[in-house]
Amino acid sequence: MSLATRNGTGSVDAPVNPPTVVRQRRVRPGLLGLAVLLIALGGLGAAFAVTSVRATGSYLAVARPVEVGREISAADLVTVQVAGGQGLRPVPAGRLDEVVGKRAAVALLPGTLLTLGQVTDDPLLGPGQQQIALGLKTAQVPARELHPGDKVLLVSTPEDNADAAAAAGTRFAATVIDMVSPANDDKVLYLALLTRDVPAVVALAAQERLAVVLTEAA
């Protein structure tokens, strides 16, 4: 009890409110342990993420366009440093020799990482086709460059002593697999032909009685 005065007339008895007691919540040991575990796991996850981002490696990337079916050279590729590249499955730079000489299974675009799924050792032949090689003079090639996938027509030319009736030559449809230029500046044209046409084309090529016509560019 305490005394209070009113208008200076004397003391009167007045009740005093008891102090408010804030009751503290008890922390369960299980919840406290769970919180500590979550904090620890979060820290480990952050450390793993930082490590993954900072991990770098040397990989192969495409330096210039490579058409489907073209043989890949070292000049077509460049070494780049990539952070976290393991998940992308690019070809490591140390495996350059395994890639050079193979063919592009898809069109390779500059600035993209190279993967093993983009290269192949298999010839680009369809069902019922065989590959042949034709040696041509530069003037016999219908374009400055023939690319894999180009469609050509092989037309037989008449013999020197043939009459006019034989002027209309036999035609054979073919697909370009590759073209290379040897040191003597001639051209070697690799073609995919139907198996049934191969014997006739080989015989005409031996007689130098074939003309090549470009009908469709890849």
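Residues numbered from 1 in each chain as written. Predicted model: local features only at pLDDT ≥ 70, side-chain atom pairs only at ≥ 80, totals over all residues. Heavy atoms only, no water.

### As for the overall build of the protein chain
And then number 1: Looking only at helices and strands, one finds 3 helices and 11 strands in the protein chain.
And then number 2: In the protein chain, the order of α-helices and β-strands from amino to carboxyl end is β-β-α-β-β-α-β-β-β-β-β-β-α-β.
And then number 3: Within the protein chain, buried positions represent 25% of all 218 residues.
And then number 4: Summarising the internal contacts of the protein chain: among those between residues at least 6 apart in sequence, 64% fall at separations of at least 24.
And then number 5: Of the roughly 14700 Å² that the protein chain leaves accessible, carbon and sulfur atoms contribute 57%. (Helix = DSSP H or I, 4+ residues; strand = E, 2+ residues; numbered from the N terminus. Buried < 20%, exposed > 50% of the residue type's maximum accessible area, 1.4 Å probe, protein only. Contact = heavy atoms within 4.5 Å. Areas by Shrake-Rupley, 256 points an atom, 1.4 Å probe, with all protein chains shown as cover.)

### Some thoughts on helix α3 (residues 198–206)
And then number 1: Within α3, burial applies to V198, V201 and L204. Take α3 and look down its axis: the buried residues cluster within an arc of 135 degrees, on one side only. More than 90 degrees from the buried face of α3, the exposed residues found are P199 and A206.
And then number 2: Buried-residue contacts for α3 involve β7 (129–136), β8 (151–156), β9 (171–180), β10 (187–194) and β11 (210–216). (Arc of directions from axis to C-beta.)

### A short note on the environment of A217
And then number 1: With respect to the helices and strands, the residue A217 is situated in the segment after β11.
And then number 2: Once the C-alpha coordinates of A217 and V176 are considered, the two residues, 41 residues apart in sequence, prove to be 9.8 Å apart.

### Thoughts on the confidence of the model for the protein chain
And then number 1: A residue-level look at the protein chain finds 69% of positions with pLDDT of 70 or above and a mean pLDDT of 78.
And then number 2: Counted against residues more than four places away or in other chains, residues 1–8, with its pLDDT under 50, gives 14 contacts.
And then number 3: Overall, residues 46–54 carries pLDDT values under 50, and its contacts beyond four positions in sequence, including any with other chains, amount to 3 contacts. (pLDDT = per-residue confidence, 0-100.)

### Topic: the side chain of R103
And then number 1: Turning to its location among the elements, R103 is positioned in strand β5 (residues 103–104).
And then number 2: Within polar-contact distance, the side chain of R103 engages the side chain of D178 at 3.4 Å.
And then number 3: If we ignore the near neighbours within four places in the chain, the residues touching R103 are G69, R70, E71, I72, Q118, V119, T120, I177 and D178. (Polar contact = N/O pair within 3.5 Å; in protein donor to acceptor, adjacent residues only side chain to side chain.)

### Digging into the layout of surface pockets
And then number 1: Taken as a whole, the largest pocket encloses approximately 190 Å³ of empty space.
And then number 2: Lining the largest pocket are L134, G135, L136, K137, Q140, A205, E208, R209 and L210.
And then number 3: Per-element tally for the lining of the largest pocket: the top contributor is β7, with 3 residues.
And then number 4: Of the residues in the lining of the largest pocket, the class split is 4 nonpolar, 2 polar and 3 charged. (1 Å grid on protein atoms, 1.4 Å probe; cavity = no way out; pocket = protein on both sides within 12 Å on 5 of 7 lines; lining within 4 Å. Points joined across faces, edges and corners; volume = space filled by probe spheres on them. Nonpolar A, V, L, I, M, F, W, Y, C, P; charged D, E, K, R; others polar.)

### Quick notes on the environment of L116
And then number 1: Mapped onto the elements, L116 comes out in the loop between β5 and β6 (119–120).
And then number 2: Residue classification places L116 among the partly exposed positions, given a relative accessible area of 41%.
And then number 3: Distance in space between the C-alpha atoms of L116 and V91 is 6.5 Å, their sequence separation being 25 residues.
And then number 4: Contact partners of L116, with chain neighbours within four places excluded, come to V91 and R95.

### Let's talk about the pattern of salt bridges
And then number 1: Tallied over the entire structure, the rule returns 7 salt bridges.
And then number 2: Here R103 and D178 are joined by a salt bridge, their closest N and O atoms 3.4 Å apart. Taken together, the positions of R103 in strand β5 and D178 in strand β9 put the pair 75 residues apart, joining distant regions of the chain. Across the pair, exposure class does not vary: R103 and D178 are buried alike.
And then number 3: Residue D197 is joined to R196 by a salt bridge in which the shortest nitrogen-to-oxygen separation is 3.9 Å.
And then number 4: Classification of D197 by relative accessible area gives buried; the value is 13%.
And then number 5: Residue class for R196 comes out exposed when judged on its relative accessible area of 69%. (Salt bridge = Lys/Arg side-chain N within 4 Å of Asp/Glu carboxyl O.)

### Quick look at the sheet that holds β9
And then number 1: Across the sheet, 5 strands lie side by side as β7-β10-β9-β8-β11; this open sheet has antiparallel pairing. Here the strands that pair on one side only, and so sit at the sheet edges, are β7 and β11. The mean inter-strand angle of the sheet, taken between neighbouring strand axes irrespective of direction, is 40 degrees.
And then number 2: Bridge analysis of β9 against β10 gives 6 bridges, and the strand direction is antiparallel. The partner of M179 across the bridge, within β10, is L189.
And then number 3: Where α3 meets the sheet, it contacts β7, β8, β9, β10 and β11, and its direction lies at approximately 10 degrees from that of β7. (Pairing = 2+ DSSP bridges. Axes fitted to C-alpha atoms, helices over the stretch in contact; angles between N-to-C directions.)

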